[in-house]
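Each chain, written out:
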Amino acid sequence: MAKIHVSTTINGEPEEFLCAPDETMLDVMRNGLGLTGAKEGCGSGDCGACSITLDGTLVCACLMLAAEAEGAEIGTIEGMAEGEALHPLQQKFLEMAALQCGICTPGMLVAAKSLLDENPDPTETEVRFWLAGNLCRCTGYDKIVRAVLDTAQDLRETA
Amino acid sequence: MMSDGENKWIGERTIRPDGADKVTGRAAFAADTAMPGMIWGKVLRSPHPHAAIRGIDTSKAEALPGVKAVVTAADIVDFPFDTPVPLGIQDMRWMCRNVMAREKALFHGHPIAAVAATSEAIAAEACALVEVDYEILPWAIEIEDAIKPDAPILHDFVKFDGKPSNISGKLEHVKGDVEDGFNEADVVIERDFTTRPVHQGYIEPHACLVSVAADGQTTIWSSSQGQFMVRAMTSMLTRIPQSKIRAIPAEIGGGFGGKTIIYLEPLATILAKKSGRPVKMVMTREEVMRATGPTSGSKSTVKIGAKRDGTIIAAEGTFYLQAGGLPGSPIRGATACAFAPYDIPNVHSLGYDVVCNRSKVAAYRAPGAPIGAFPVECVLDEVAEAIGMDPLELRLKNAAKEGTKAAHGPVYPVMGYAETVEAALAHPHSKAPLGKHQGRGVASGFWFNAAGESSAQVNVTEDGNVVVTTGHPDIGGSRASIANITAELLGIDYKRISVLIGDTATIGFSNLTGGSRVLFSSGIAVTESTGKVIDTLRARAAKIWEIDVDAVIWEDGEARPAGDNAGKFDPLTLEELAAKANAMGGPIGGGAQLNTVGAAGGFATHVCDVEVDIDLGIVRVLRYTSFQDVGRAVHPDYVEGQMQGGVAQGVGWALNEEYIYDKDGKVDNPGFLDYRMPVCSDLPMLDAVMIEIPNPLHPQGVRGVGEAPLVPALAAVSNAVYNALGIRFDSLPMSPPKVLEAL
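Residues numbered from 1 in each chain as written. Chains lettered and ligands numbered in written order. Predicted model: local features only at pLDDT ≥ 70, side-chain atom pairs only at ≥ 80, totals over all residues.

Draft legend 1. Examining the sheet that holds strand β6 (residues 104-105) of chain B more closely. Residues and elements named next belong to chain B. Spatially, three strands are ordered β6-β2-β8 in an open sheet, and the strand pairing comes out antiparallel. With partners counted over all chains shown, the strands left at the sheet margins are β6 and β8 (131-136), one partner each. Strand direction decides the pairing type here: strand β2 (residues 51-57) and β8, joined by six bridges, are antiparallel. Considered in β8, the bridge of Ile56 is made with Val132. (Pairing = 2+ DSSP bridges. Helix = DSSP H or I, 4+ residues; strand = E, 2+ residues; numbered from the N terminus.)

Below you can see the structure in the form of structure tokens.
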């Protein structure tokens, strides 16, 4: 089967790749583009470890065909920090130990940033339901939810 | 150095050394690795729960363009059934058959063959071309079916009472005489219970990349809880000497015990050897669910006798645990931990290992202990109600303490079980009001905690900073704790210390990350190594000052003259001594390779509030507080994290998680949609109360903390549901359909 040529933007940079029609965005990112920050935990959209944004909307890269990236703006964990400066969520996750093994962390951060972009003042319940698509087996979510709420407060105070 | 209020770094919530890489996506987990020329391996798995393998024809698969190698059991070292080959707590007779079916396929998903090809798609296509001649056999999935008289027998060599059986092991602990005890009791309660198999549920599927060079040098990158375990097992299954295998621990995306054995590594090694190409293998979630872990399902009977005043006088438990297709369920954890928190004069605890046509169980966080504790803690709740005593007071009255002889043998050292109950009694949670359809449950639990082999190397860099290497994969923040310990001992800022996990070629043997051993064991190895470094630094200062080494002390990151010499010389800092290292005798470093001893058990008590939605049957956890004797919280964040994570897993086990098999003996829910682990919106904040009763046999007072927090959770939730509804669930999970039916 002939490969499809895709022109897209990833983390603000122009990117081109060839993909099979049935290839997922996650496979192209991980195996072709060297973007291994997004993880495959399930391949069925249940765990959120491969969370990315597609034109600003939170999606699972494992459920997205790579060809759908044509002309779109993709955001991944690799684009979250600005150079050496971590995003406030990344910094807060470190300070509040909101990770143990770290496999869910990239997806959790992408999802949390997507929440705060949309709702800068979420309640605990809103954080919990927004992150319900991101499985973490280590932490029991406690420190993750606290880190997101704390970051939201910091961002509101400095806004 | 036993820590106290004077500590500068022990007890600090420092930033973990591997943190920046983990929040930016840079951390390299096993599936993130790649090599030039790499090809992909795939496993063909049995479609049947039980079948004899009469023949395998791989010729069509081998002929497919792009296929570079095929392996079957014929390529893997066979360990015959008649001679045990123990390796740690495993037996290579079972391991060689678990990584690849030999005489029989023992469960749906059992590996039959593996293929390496230039793409994953071609490897999968080739798997479908492997022709297997199966003789389908009757199967037994559930314990009841496996132990009935006419059950299909999985292994002819397994005998029980002299007859072929699926009961492949038995373990018994006896203390006193339970019959006498029950005769003295005012209240005797006996109940039957079942629990379902649950998966460890790590988010990272098993993965590895293996390269075998032309000279046989083998390099394995894999996700495991023990690079030395990977090396040893792969060596035994491939006959490649251990010295030729370098096992590199990738960052590990969760394990919870499930990555203490190997699955893919020997297959990828043989495929790499045959093909001459590096081979990468990554399981799908479905493969993880069908063919790895889980922990056992169980059936049990527990009988407890107590006097009116609350004295527990006798306790008896019988526990049947599923082992899966090959022997080896955690009956030790179930039989020993079940009654371990209590000082009971008469105990009889009996466990049976039952093989059945499910995937072979793997360790899961305090293996067996939650299965043993669940029935005991539920019956205790009923005993408390029968004699009109608060369930925490009942536990406190019977609490084991230092000097108590446990039914499973040991006499307890310094321990903090009673303190966890006292803390629970005194906590506001225990007195908070409850609403309609709400209930509160309590339970306690014990885990042994392990010690064992651990190696460390502490090196001072030329610019006066420090690199620490240890040998246990870091699964939950252990590097952060090691940085705290080293900083405390050296008296320098923790940010000057890098902490790494060595591979099998760069650090001495270290036992796997399991048994809650890591900080206990590596804490000792790092303390001893750092002590050697400090001795060298003192000796160098003594040489520079031309005084006796005993007249030099190490304090706040510098050598200072002491005693009669105090104040006579300017102190020498770590940087200054590092700069003079070569002139004064050479590089500065210290290592230790130890078999550590002195681990002390961990105890926890949980208080759980639930609310039951009586229209939907959904049990919601409203509030949860766990109390645990943590020895010394070297890094409190990661101790709390263990406590919270253990609770979350226990809530999942109690309320939703279970394997469902269809009528053909196949797993019907091999994915996260239908195998329902707790998600963020299922849980409240999980309060963790750390009680520090330092372990006197450890330099920092450490006792393991990772496993005990799962143990009480099943019964705490169940007792809360009883308190809310007045209905006791003797079978887990308390899923909505089951709760609705009971209502």
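Draft legend 2. Structural context of the pairing of strand β24 (residues 552-555) of chain B. Residues and elements named next belong to chain B. In β24, alternate side chains face the same way, and those of Val552 and Trp554 are buried while those of Ile553 and Glu555 on the opposite face are not. In terms of strand pairing, β24 meets strand β25 (residues 558-561) through four bridges, oriented antiparallel. Counted as the bridge partner of Trp554 is Ala559 from β25. The turn joining β24 and β25, which pair antiparallel and follow one another in sequence, is formed by two residues; a positive phi near 50° is taken by Asp556. (Buried ≥ 20, exposed ≤ 12 C-beta atoms within 10 Å, placed from the backbone.)

Draft legend 3. Representation of the sheet that holds strand β1 (residues 39-45) of chain B. Residue and element names in this part refer to chain B. Pairing is mixed in the open sheet, where seven strands are placed in the order β3-β7-β1-β16-β13-β14-β15. Of all the strands in the sheet, just β3 (67-72) and β15 (245-249) have a single pairing partner and so form its edges. When the angles between neighbouring strand axes are averaged without regard to direction, this sheet yields 20°. Together, β1, β3, β7 (111-117), β13 (207-212), β14 (218-222) and β16 (279-282) form the strand contacts of helix α8 (residues 265-275), whose direction differs from that of β13 by roughly 30°. (Axes fitted to C-alpha atoms, helices over the stretch in contact; angles between N-to-C directions. Contact = placed C-beta atoms within 7 Å.)

Draft legend 4. Highlighting helix α5 (residues 142-158) of chain A. If you check α5 of chain A, its first and last C-alpha atoms are 25 Å apart, about what 17 residues at 1.5 Å a residue would give, namely 24 Å. Listing the buried residues of α5 of chain A in full gives Asp142, Lys143, Ile144, Val145, Ala147, Val148, Thr151 and Ala152 of chain A. (Expected span 1.5 Å × (residues − 1).)

Draft legend 5. Quick look at the interface of chain B and chain A. Facing the 40 residues of chain B at the interface are 42 residues of chain A. Those elements giving two or more residues to the side of chain B that touches chain A turn out to be α1 (19-24) and α17 (636-655) of chain B. With seven residues, α17 of chain B is the largest single contributor of residues to the side of chain B that touches chain A. For the side of chain B that touches chain A, the class distribution of residues is 19 nonpolar, 14 polar and seven charged. (Nonpolar A, V, L, I, M, F, W, Y, C, P; charged D, E, K, R; others polar.)

Draft legend 6. Highlighting the packing of helix α7 (residues 227-238) of chain B against α8 of chain B. Residue and element names in this part refer to chain B. Taken N-terminus to C-terminus, the directions of α7 and α8 make an angle of 55°; their axes are 9 Å apart at the nearest point. Classified by the angle between their axes, α7 and α8 sit oblique to one another. When the axes of α7 and α8 are compared, the crossing they make is right-handed. Listed contacts from α8 to Val230, Thr234, Leu237 and Thr238 of α7 are Glu265, Pro266, Thr269 and Ile270. In the contact of α7 with α8, the residues fall into four nonpolar, three polar and one charged. (Parallel < 35°, antiparallel > 145°, perpendicular 65-115°, else oblique. Left-handed = near helix turned anticlockwise from the far one by under 90°.)

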